[in-house]
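If you want the building blocks of each chain, they are given just below.
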Amino acid sequence: MQPHTLTTLPGGERVITEHIEGVRSASIGLWIGTGSRDESSARAGVSHFIEHLLFKGTERFATCAAPRYPRCPARVIVST
């Protein structure tokens, strides 16, 4: 197993990185430690709304840039 590095950003977000020799690609995973159970009644539904923005995008912003760059092979796998 390759060693990994855990970095905590100023806002408290934790980032885990790993360098694998000889690999010419990147993979990104996001795990957000919050959800509807953590919301106050004033913010009820915010987590679900953000989930939709990330996975479905908006009219102005698409969720994936890959279709705009056909020569750049990309695969997007999402789950909730």
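The rules behind these values
- Residues numbered from 1 in each chain as written.
- Predicted model: local features only at pLDDT ≥ 70, side-chain atom pairs only at ≥ 80, totals over all residues.
- Heavy atoms only, no water.
- Helix = DSSP H or I, 4+ residues; strand = E, 2+ residues; numbered from the N terminus.
- Buried < 20%, exposed > 50% of the residue type's maximum accessible area, 1.4 Å probe, protein only.
- Contact = heavy atoms within 4.5 Å.
- Areas by Shrake-Rupley, 256 points an atom, 1.4 Å probe, with all protein chains shown as cover.
- Polar contact = N/O pair within 3.5 Å; in protein donor to acceptor, adjacent residues only side chain to side chain.
- Pairing = 2+ DSSP bridges.
- Patch = residues over 30% accessible without salt bridge, like charges linked within 9 Å, V, L, I, M, F, W, Y side chains within 5 Å.
- Salt bridge = Lys/Arg side-chain N within 4 Å of Asp/Glu carboxyl O.

1. Considerations on the overall build of the protein chain
Part 1 of the argument: Helix and strand content of the protein chain: one helix and two strands.
Part 2 of the argument: Overall, the protein chain shows an N-to-C arrangement of helices and strands of β-β-α.
Part 3 of the argument: When the 80 residues of the protein chain are sorted by exposure, 5% land in the buried category.
Part 4 of the argument: For the protein chain, the proportion of contacts with a sequence separation of at least 24, taken over those separated by at least 6, is 8%.
Part 5 of the argument: By element, 55% of the accessible surface of the protein chain is carried by carbon and sulfur atoms, the whole surface being about 8,200 Å².

2. A closer look at the side chain of Glu-39
Part 1 of the argument: Within the fold, Glu-39 resides in the loop between strand 2 (14-17) and helix 1 (46-56).
Part 2 of the argument: Here Gly-45 takes part through its backbone nitrogen, which lies 2.7 Å from a polar atom of the side chain of Glu-39.
Part 3 of the argument: Setting aside residues no more than four positions away along its own chain, Glu-39 makes contact with Ala-44, Gly-45, Val-46, Ser-47 and His-48.

3. A few points about the pairing of strand 1 (residues 5-8)
Part 1 of the argument: Relative to strand 2, strand 1 runs antiparallel, the two sharing four bridges. Across the sheet, Thr-7 pairs through a bridge with Val-15, a residue of strand 2.
Part 2 of the argument: Between strand 1 and strand 2, which pair antiparallel and follow one another directly, the connecting turn spans five residues, one of which, Gly-12, has a positive phi of 95°.

4. A closer look at a nonpolar patch on the surface
Part 1 of the argument: On the surface, a cluster of nonpolar side chains totalling about 910 Å² of accessible area is made up of Ile-28, Leu-30, Ile-32, Val-46, Phe-49, Ile-50, Leu-53, Leu-54 and Phe-55.
Part 2 of the argument: Along the chain, Val-46 falls in helix 1.
Part 3 of the argument: Val-46 sits in the partly exposed class, given a relative accessible area of 38%.

5. Notes on the environment of Ser-27
Part 1 of the argument: Within the secondary structure layout, Ser-27 lies in the loop between strand 2 and helix 1.
Part 2 of the argument: The exposed category is assigned to Ser-27, whose relative accessible area is 72%.
Part 3 of the argument: Taking the C-alpha atoms as reference points, Ser-27 and Thr-17, separated by 10 residues in sequence, lie 9.9 Å from one another.

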